[in-house]
Amino acid sequence: MPAKLSVNLNAVAMLRNRRDLPWPSVAHLGRIALQAGAYGLTVHPRPDKRHIRFTDLPVLRALIDDEFPQTEFNMEGYPSEDFLQLCEKTQPEQVTLVPDDPSQATSDHGFNFRTQSEMLKSVIARLKAGGMRVSVFADGDGDAEAVKLAKATGTDRIELYTGPYGGCFDNAGEGERQLELLGRTADAALAEGLGVNAGHDLTVENLPALVGRIPHLAEVSIGHGLTADALEYGMAETVRRFRRACGEHI
Ligand SMILES: CC(=O)[C@@H](O)[C@H](O)COP(=O)(O)O
Ligand SMILES: NCC(=O)COP(=O)(O)O
């Protein structure tokens, strides 16, 4: 079963924010991605609004509702009160919780399920009561006990943090080691009845091995590498390339 592709628009928004101008249009690039068959759109509205602005959220929500109702909106963020209220206002199909400190340059680790589970339980219950599916960012380090603790939070899915794997683009041996750790984490999640998503530094080059090792991978959210390729191939062709890398025969 191919993994579903959710296109992260953070990097498009970062480019838009360089000038006080409305192009590149985040919504229009999202439209092109969905027209090319992406399963959904992902955004990470960080507190400093370095890329996605809160004003982008209703525009993207309306794009999906009005033009692509069969696709999904995925919002990522730290479960602060402000973020939770943004989710409740925007009503994405999925919320992906990440443990990011506002000062972080990017997301670079999963939750500590041994110390953060109580906070997660209440937040997840609130989001699920609001009708949203919840995924929580998890290290792909093979820690099956952590996966059991993640299950106990009530989350629907985990999202495997694939940064260490993606960073091995020039070290095949370490890449294989990271892939196996990701695979063990995903196997543990499957055994617990958790859905498995993945994201961070994924590319056309490293996706096929990940999808091959984790056949039950439900969804990948990809932004940085996909946007880099879109500068070369265009967004529509890039989405098709990534869909093929996810295992789709198109
Ligand atoms: C959670 C994750 O790995 C990414 O989706 C994250 O949103 C990247 O954030 P930046 O685009 O701000 O680096
Ligand atoms: N959850 C990962 C994501 O949405 C995008 O990560 P990246 O491809 O920008 O590294």
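Residues numbered from 1 in each chain as written. Chains lettered and ligands numbered in written order. Predicted model: local features only at pLDDT ≥ 70, side-chain atom pairs only at ≥ 80, totals over all residues. Heavy atoms only, no water.

Here we take up the packing of aromatic side chains. One pass over the structure, following the stated rule, counts two aromatic pairs. Pairing phenylalanine 111 with phenylalanine 113 gives two aromatic rings, centres 6.3 Å apart and planes at 45°, and the pair type is tilted. Comparing phenylalanine 111 with phenylalanine 113, the two get one shared label, buried. The positively charged end of arginine 241 is found above the aromatic ring belonging to tyrosine 233, 4.0 Å away from the centroid. (Phe/Tyr/Trp six-rings, centres within 6.5 Å; stacked < 30°, edge-to-face > 60°. Buried < 20%, exposed > 50% of the residue type's maximum accessible area, 1.4 Å probe, protein only. Lys NZ or Arg CZ within 6 Å of the ring centre and 35° of its normal.)

Moving on: the layout of surface pockets. Quantified by volume, the largest pocket comes out at close to 720 Å³. Along the wall of the largest pocket there are 35 residues; nearest its centre are Asn8, Asn10, Ala11, Gly223 and His224. Secondary structure elements with two or more residues in the lining of the largest pocket: helix 1 (10–16), strand 8 (217–222) and helix 10 (224–233). At six residues, helix 10 tops the list of elements feeding residues into the lining of the largest pocket. (1 Å grid on protein atoms, 1.4 Å probe; cavity = no way out; pocket = protein on both sides within 12 Å on 5 of 7 lines; lining within 4 Å. Points joined across faces, edges and corners; volume = space filled by probe spheres on them. Helix = DSSP H or I, 4+ residues; strand = E, 2+ residues; numbered from the N terminus.)

Within this structure's numbering, the places UniProt gives as "binding site: 3-amino-2-oxopropyl phosphate" (unreviewed entry) are Asn8, Arg19, Asp201, Gly223 and His224. Separation in sequence by 217 residues is matched in space for these annotated residues, since their most distant C-alpha atoms are 26.1 Å apart. Of the residues named above, Asn8, Asp201, Gly223 and His224 line the largest pocket. Take asparagine 8: it is sitting in strand 1 (residues 4–8). (UniProt positions renumbered as here; feature names shortened; annotations may be inferred.)

The subject of this paragraph is the site of ligand 2. Looking at ligand 2, the residues that line it are Asn8, Thr42, Glu76, Glu159, Gly199, His200, Asp201, Ser221, Ile222, Gly223 and His224. Between serine 221 and ligand 2, the recorded distance is 2.9 Å, taken from a side-chain N or O atom to a nitrogen atom. Between ligand 2 and the protein, one listed contact pairs an oxygen atom with a backbone N or O atom of glycine 223 at 2.8 Å. Of the pockets mapped on this structure, ligand 2 occupies the largest pocket. (Near = heavy atom within 4 Å. Polar contact = N/O pair within 3.5 Å; in protein donor to acceptor, adjacent residues only side chain to side chain. Sits in = over half its atoms within 2 Å of the grid points.)

Core analysis: the largest hydrophobic core is formed by 69 residues, its most contacted members being Leu41, Leu97, Leu207, Leu210 and Val220. When sequence neighbours within four positions are dropped, the list of residues in contact with leucine 97 reads Gly77, Pro79, Phe83, Phe111, Leu120, Val123, Ile124, Leu127, Val134, Ser135, Val136 and Phe137. (Core = buried A, V, L, I, M, F, W, Y, C linked by side-chain atoms within 4.5 Å. Contact = heavy atoms within 4.5 Å.)

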